[in-house]
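Chains, contacts and geometry: an overview
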Amino acid sequence: MLRNPYRTRTHQVTRKRATIPAVLAAVVLAVPAIAAASAAPAPAAAGAVSTHHGPKPTVVLVHGAFADSSSWNGVITRLEHDGYPVIAAANPLRGLDNDAAYVSSILSTIPGPVILVGHSYGGEVITDAAVGHANVKALVYIAAFAPDQGESALQLTGMNPGSQLGGALLIRPYTDASGGGGEDGYVDQTKFHAVFAADLPAATADLMAAEQRPVALAALQGASGAPAWKTIPSWYLVAGADQAIPAATEKYMAERAGAHTVVIPGASHAVMVSHPDQTEDLIVRAAKATG
């Protein structure tokens, strides 16, 4: 049963469209969706469920582009019901180095074990942010980028056909306090439902479209550092009908990382919103296996 985790707020945005190269446009991302089927866990993530009965780890959730922390509301409700402390980090979406450093600083304030979860571009952020943090026990990717060193969101999105974001992006210039600036990417509100959240009710998708947070296009071009998934066990939720990150690319990244993988056939990019039960279940599996 779908829940609408979104609060109403108003964004005033211009509808001016700009053209960018299709491969760059095809790279932006943000929230997931739908039904579930499990694949056999890869050796790196497999193992017996821990019998540890100490305090439960803190779950840190990192949203992607075109979303905000409220996109995790359904997942948060379930995790807290099951006794897990949760922090839904506000991903700045300004640049990979900046965003990873911000999330890393949050991890440094948490004294106990952490399960670090990323959606979409948030997956690239957690891949860099977890490095050097011994308290991060598992990485959980929800229809997310899991890059290797030197890879960018732009590069990975163009690896396989299937992303429909290229024809749905609106570009708006922005100016910061220093007088500098750049370009932000938004998903056209008239195309948001079909491209981003096709398995959600239209009314829910319309709210998501109106309150989406843009991503600086420069963030999508940032090259990842040494990936934390090479030393930290990982889990991956593949959205089978993702129109933002092609499902084939998600499966490739999951297999490369040795992640315990679950595939949800027919799921949109907004899988954590449309299927919070399956999303929470994967996070809990990671927590129990590494606790």
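Residues numbered from 1 in each chain as written. Predicted model: local features only at pLDDT ≥ 70, side-chain atom pairs only at ≥ 80, totals over all residues. Heavy atoms only, no water.

**Re the overall build of the protein chain**
Worth spelling out the cut-off: A helix here means a DSSP run of H or I that spans at least four residues, while a strand means a run of E at least two residues long, and both kinds are numbered starting from the N terminus. Only protein chains enter the accessibility calculation, which uses a 1.4 Å probe; a residue whose area is less than 20% of its type maximum is buried, one above 50% is exposed, and one in between is partly exposed. For this analysis, residues touch if any pair of their heavy atoms sits within 4.5 Å. The Shrake-Rupley method, run with a 1.4 Å probe sphere, supplies the accessible areas, and residue values consider only the shown protein chains as cover.
A tally of helices and strands in the protein chain yields 11 helices and 10 strands. Looking at the protein chain residue by residue over its 291 residues, the buried ones come to 56%. Pairs at least 24 apart in sequence give 80% of the contacts found in the protein chain among residues at least 6 apart. Element-wise, carbon and sulfur atoms account for 56% of the exposed surface of the protein chain, whose accessible area totals about 11200 Å².

**Thoughts on unusual backbone geometry**
The phi torsion at F66 lies on the positive side, around 60 degrees, for a residue other than glycine. Notably, A143 is not glycine yet its phi reads approximately 45 degrees, a positive angle. Inspection of the secondary structure puts A143 in the loop between strand 5 (136–142) and helix 5 (153–157).

**Concerning the nonpolar core**
Among soluble globular proteins, nonpolar side chains are generally buried collectively. How we decide: The criterion is simple. A nonpolar core is a set of buried Ala, Val, Leu, Ile, Met, Phe, Trp, Tyr and Cys residues joined through side-chain atoms within 4.5 Å.
Counting 86 residues, the largest nonpolar core has L116 and L139 as the members making the most contacts within it. Broken down by element, the residue count for this core peaks at 6 residues, all from strand 5.

**Quick notes on helix 7 (residues 202–211)**
If you check which residues of helix 7 are buried, you get T204, A205, M208, A209 and E211. On the buried face of helix 7, the contacting elements are helix 6 (192–196).

**Here we look at the packing of helix 3 (residues 96–107) against helix 4 (residues 121–129)**
Threshold: Under this scheme, a helix contributes an axis fitted over its contacting stretch, all axes are lines through C-alpha atoms, and angles between N-to-C directions fall in the 0 to 180 degree range. Take the far helix as the reference: if the near one is turned anticlockwise from it by less than a right angle, the crossing is left-handed, and if turned clockwise, right-handed. Lys, Arg, Asp and Glu make up the charged group, whereas Ala, Val, Leu, Ile, Met, Phe, Trp, Tyr, Cys and Pro make up the nonpolar group; the residues left over, Gly among them, are polar.
The interhelical angle for the contact between helix 3 and helix 4, taken along N-to-C directions, is 60 degrees, at an axis separation of 8 Å. In terms of crossing hand, the pair formed by helix 3 and helix 4 is right-handed. Residues L96, D99, A100, V103, S104 and L107 of helix 3 lie in contact with helix 4, whose contacting residues are Y121, E124, V125, D128 and A129. Considering only residue class, the contact of helix 3 with helix 4 consists of 7 nonpolar, 1 polar and 3 charged.

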